[in-house]
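# A structural walkthrough
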Amino acid sequence: MTSDLDLLLDGPAHELAAAVSARGFTARQVAEASLARAVKSRALHGSFLHVAPAAALAAADEVDRRVASGELMPLAGVPLAVKDNVNVAGLPSTAGSRILAGFVAADDATCVERLKAAGCVVVGKTSCDEFGMGSSNESSAFGPVRNPWDTSRVPGGSSGGSAAAVAALAVPLAIGTDTGGSVRQPASFCSLVGVKPTYGRVPRYGLLAYASSLDQAGPLARNVRDAALALAAMSGPDPRDATSLRSAPPELLGRIEAGAAGTRIGLLAEAEAPEGGLDSDVGAALETTARRLESAGATLVRVSVPRVSLAVAAYYILATAEASSNLARYDGVRYGARREGDGLSGLYRATRTAGFGPEVKRRILLGTFALSSGYREAWYERAQRVRALLAIDFADAFRSCDAILCPTAPEPAFGIGEKSADPLSMYLADVFTVPASLAGLPALSVPAGLSRDRLPIGMQLAGPAGSEPLLLALGREVERASGEWGRPPGAIR
Ligand code: GLN
């Protein structure tokens, strides 16, 4: 039988928080129900690597005490799933890698600490591509994750476990990280809202670094309002992250219902025929979304960001170069798994050979090559120049529009195993998400329909630095106009 508590857990996080704040349910009751679903979703979808009942129930009791004492929390009692490359005090962080076996985080990432302060209860850690390197969750050392919309397909990546957990209705909210699309693309594949903030808006303290100049944490939610509430809680300066923006974040909720009237929406010329092709259902959804925004009072303008065509190539040089440096710390001396070898370099070799998976090794090699003497100028420095030019292209485009609309991904969720043997086709799937990452711009993915095969299709809205309030309002307009897409067939319960 369906209880009111079940219905609450199926619904928006903000309604759940209101119910807990009004003492309709305790945070403990909510946490117990969510934990039970998380265990099922782990078995069915592989979404969680670690479910944390003891920590979650203790945290829920603490939220109940705070509610009883009259404290107001925007996300009171909201169960939260956290991607396993983001630290939660007392829980393991593996980043989907064997090399971190046995590692337990000593403290919370800033974004986790802030969501806890806002009332969230962490129920577990979710699967991801190893160190965030992938677009399908298949590079996780702990097996693939299944998409609750079609369990033969990937949930997207690298935040695939977080997306699957939210889509499966195990939790209403999750944290993902996005280096080149890892929040937005899984959101698109699982019919969720995902936000990649302006670089520096959400502190990186407590994230296991992949490519530090690109990494940003962001929320995965079932609706725009929940994503805004979570992002508002996560944002703001942090003395522990030198790259966090010093300025106070903009108000995110105030104009969320402001609609699209009077805005200029850029349609990206380069999205019409991307390298690797565009699925026809995705093309049709783009058209429909553009018309809906136009009906809501927006003006459509065609814009060009020419260097978008070089973005995937530049991204995979810069991200791998940074990764080759960031991942040097995993040597068996201080963190996680250790394999003894002959002397110090033998220890490094044995630990890294056994600890890293093939995709991570490929990227360390690529990145080391791009930085090596004699090649650095031809690869790394050239890619940096493309990055700078791309930012200029975007600045030019934003003279004639307020935000750019394009698909989040060129196709809906693909089958498990379909692209895993062909890294290039996997990399090309990031064609629409990496440009905003390279330019440090905020971008959001919002559900915009289902394909003929009933697979979710997401649309991306990207804007100038600091334009999150506008993107959320436009996303809300798309959400309102598109309506409901129902429950995924694989939802728990
Ligand atoms: N798919 C991209 C990559 O593999 C993006 C991943 C991410 O954003 N973490 O690098």
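Structural notes, computed from the coordinates. (Residues numbered from 1 in each chain as written. Predicted model: local features only at pLDDT ≥ 70, side-chain atom pairs only at ≥ 80, totals over all residues. Heavy atoms only, no water.)

## As for unusual backbone geometry
Look at the link from Gly 157 to Ser 158: it is a cis peptide, with omega at 10°. Following the sequence through the fold, Ser 158 ends up in the loop between β3 (121–126) and α6 (160–167). Unusually for a residue other than glycine, Leu 169 sits at a positive phi of about 70°. Assessed through its relative accessible area of 5%, Leu 169 is described here as buried. Of note in the backbone geometry, Arg 454 takes a positive phi value of approximately 60° without being a glycine. By the element assignment, Arg 454 lies in the loop between β10 (443–450) and β11 (456–462). (Helix = DSSP H or I, 4+ residues; strand = E, 2+ residues; numbered from the N terminus. Buried < 20%, exposed > 50% of the residue type's maximum accessible area, 1.4 Å probe, protein only.)

## What about the state of the cysteines?
Enumeration over the complete set of coordinates arrives at zero disulfides. Summary of cysteine pairing: Cys 128 is not part of a disulfide, and the nearest cysteine sulfur, belonging to Cys 111, is at 13 Å. Looking at the unpaired Cys 190, the closest cysteine sulfur is the one in Cys 128, lying at 14 Å. In this structure Cys 190 comes out as buried when scored by relative accessible area, which is 1%. (Disulfide = S-S within 2.5 Å.)

## What about the side chain of Asn 326?
Looking at the secondary structure, you find Asn 326 in helix α10 (residues 308–326). Using a relative accessible area of 10% as the deciding quantity, one classes Asn 326 as buried. Polar side-chain contacts of Asn 326 include one of 3.0 Å to the backbone oxygen of Tyr 210. Here Ser 212 takes part through its side chain, which lies 3.0 Å from a polar atom of the side chain of Asn 326. (Polar contact = N/O pair within 3.5 Å; in protein donor to acceptor, adjacent residues only side chain to side chain.)

## A few points about the site of the ligand
Close to the ligand lie 15 residues; Thr 179, Gly 180, Ser 182, Tyr 210 and Tyr 315 are nearest. At 3.3 Å, a side-chain N or O of Tyr 316 approaches an oxygen atom of the ligand. In the environment of the ligand, a nitrogen atom lies 2.8 Å from a nitrogen or oxygen atom belonging to the side chain of Asp 430. In the complex, 99% of the free accessible area of the ligand, which totals 290 Å², lies under the protein chains. Of the residues assigned to the shell around the ligand, the class counts are four nonpolar, eight polar and three charged. (Near = heavy atom within 4 Å. Areas by Shrake-Rupley, 256 points an atom, 1.4 Å probe, with all protein chains shown as cover. Nonpolar A, V, L, I, M, F, W, Y, C, P; charged D, E, K, R; others polar.)

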